Structures are given as C-alpha cells and as structure tokens.
Amino acid sequence: MANKFGSQVRAFAQKAKAMQGVIFRESATKLMEEAGTPEGQGGKMPVVTGTLRNSVAASVEGMPSDGAEPPELVFATMELGQTVWAGWTAKYAMRMEHGFYGEDAVGRKYAQAGKGFARAAAQRWDFIVADVTADVKGRMA
C-alpha cells in the first residue's frame, strides 16, 4: 500500500512540474502575442509597415538583438527558473513604447506619445497565467 501511495505522489509531482513548464511557456508566448496585437485588431501595437511587430525576439543570453530567435522558439526550449529576455529589436521600439518629446540628433522636434503595448500586456500577466492555467488543466486532466 505504501508503494502505491508513493507512486501516486511521484506521478502527481511529475505531472505538476510538467504543467508548470507548459503554463510558463504558453503564458509567455501569449503575453508576447498580446503585446504584438495591432491597434487595428484591438491591441496597442502601432503597425504601419510591420517592421516593429516583426522585430519581436527573445534570448536566454541577454537582451535580444537583430537576428535573435522568435520568442516562441526560445520559450519552447527553456527550463523552469531560467532567465529570458524578450522584446522588439527595431531601433524605434523604445520610442513607440514610451514616447518621445524633444529634439532628435538631427534637430527634428517630436511630441510623440508612447503606445505602451509591452507595458499593457505585462500588466495583464496574472490574467494571462490564470487563463492559460485553466486551459492547461483542462487538457491535462
């Protein structure tokens, strides 16, 4: 009887650890998808040419740069507890996120409000995780 109980506890622990990994990966992917949702589709990401939206990248070695992997590929190979950096590599990504008021290096004056696409998605992290958790529990039950 003790062996059966021990086996059940081990099986539960293994399933819980697997669920944690799936929940993290899917939540992180969903967060990046929400941040990249265009304004025209109800999101906050400004899309004119698609350059900013298509510059999304992630890395486990530091801030992503041009040529970094897409977030879903990086998230798929991560271990729980591993640090990941994700964002947009377009040179104007920070300006679009936070806005820019003032004069640039060539003397042009700007009064551009930030769109807050990354911050808005990050603020929804708890809700994203809750939604993904419910979905994963339903699939793994």
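Just so you know, these numbers come straight off a predicted model, no measurement behind them.

## Brief notes about the packing of aromatic side chains
Here is step 1: In this structure the tally under the stated criterion is three aromatic pairs.
Here is step 2: Taking 6.4 Å as the distance between ring centres and 70 degrees as the angle between the ring planes, the aromatic pair formed by Phe-24 and Phe-75 counts as edge-to-face. Placement of the pair is Phe-24 in helix α1 (residues 2–35) and Phe-75 in helix α3 (residues 71–76), with a sequence separation of 51 residues.
Here is step 3: Phe-24 sits in the partly exposed class, given a relative accessible area of 25%.
Here is step 4: Seen in terms of ring centroids, Trp-88 and Phe-117 are 5.1 Å apart; in terms of plane orientation they differ by 90 degrees. Their pairing is edge-to-face.

## Overview of the nonpolar core
Here is step 1: Core analysis: the largest hydrophobic core is formed by 21 residues, its most contacted members being Leu-52, Phe-75, Trp-88 and Phe-117.
Here is step 2: Elements with a minimum of two residues in this core: α1, α3, α4 (93–98), α5 (117–123) and α6 (125–140).
Here is step 3: In terms of residue count, α1 provides more of this core than any other element does, six residues in total.
Here is step 4: Residue contacts for Leu-52: discarding those within four places in its chain leaves Met-45, Pro-46, Trp-88, Ala-90, Tyr-92, Ala-93, Met-96 and Phe-117.

## Some thoughts on the environment of Leu-80
Here is step 1: Mapping Leu-80 onto the fold places it in the loop between α3 and β2 (85–88).
Here is step 2: Classification of Leu-80 by relative accessible area gives partly exposed; the value is 40%.
Here is step 3: Along the sequence, Leu-80 and Arg-25 sit 55 residues apart, while their C-alpha atoms lie 9.2 Å from each other.
Here is step 4: Look past the residues within four positions of Leu-80 in its chain and what remains in contact with it is Lys-17, Gln-20, Gly-21 and Phe-24.

## Thoughts on the side chain of Thr-29
Here is step 1: Among the structural elements, Thr-29 can be located in helix α1.
Here is step 2: A relative accessible area of 18% means that Thr-29 is categorised as buried.

## Things to note about the environment of Ser-59
Here is step 1: As for its placement among the helices and strands, Ser-59 is situated in strand β1 (residues 56–59).
Here is step 2: Given the relative accessible area of 14%, Ser-59 is considered buried.
Here is step 3: When the C-alpha positions of Ser-59 and Ala-86 are compared, they lie 6.5 Å apart, and in sequence the two are 27 residues distant.
Here is step 4: A distance of 2.9 Å separates a polar atom in the side chain of Ser-59 from the backbone nitrogen of Glu-61.

## Let's talk about α6
Here is step 1: When the terminal C-alpha atoms of α6 are compared, their 22 Å separation across 16 residues agrees well with the 22 Å that a helix rising 1.5 Å per residue should span.
Here is step 2: All of the buried residues in α6 are Ile-128, Val-132, Thr-133 and Val-136. Buried residues along α6 cover an arc of 130 degrees about the axis, so they all sit on one side. Turned more than 90 degrees off the buried face of α6, the exposed positions are Asp-126, Phe-127, Ala-134, Lys-137 and Gly-138.

Definitions and limits used
Residues numbered from 1 in each chain as written. Predicted model: local features only at pLDDT ≥ 70, side-chain atom pairs only at ≥ 80, totals over all residues. Heavy atoms only, no water. Phe/Tyr/Trp six-rings, centres within 6.5 Å; stacked < 30°, edge-to-face > 60°. Helix = DSSP H or I, 4+ residues; strand = E, 2+ residues; numbered from the N terminus. Buried < 20%, exposed > 50% of the residue type's maximum accessible area, 1.4 Å probe, protein only. Core = buried A, V, L, I, M, F, W, Y, C linked by side-chain atoms within 4.5 Å. Contact = heavy atoms within 4.5 Å. Polar contact = N/O pair within 3.5 Å; in protein donor to acceptor, adjacent residues only side chain to side chain. Expected span 1.5 Å × (residues − 1). Arc of directions from axis to C-beta.

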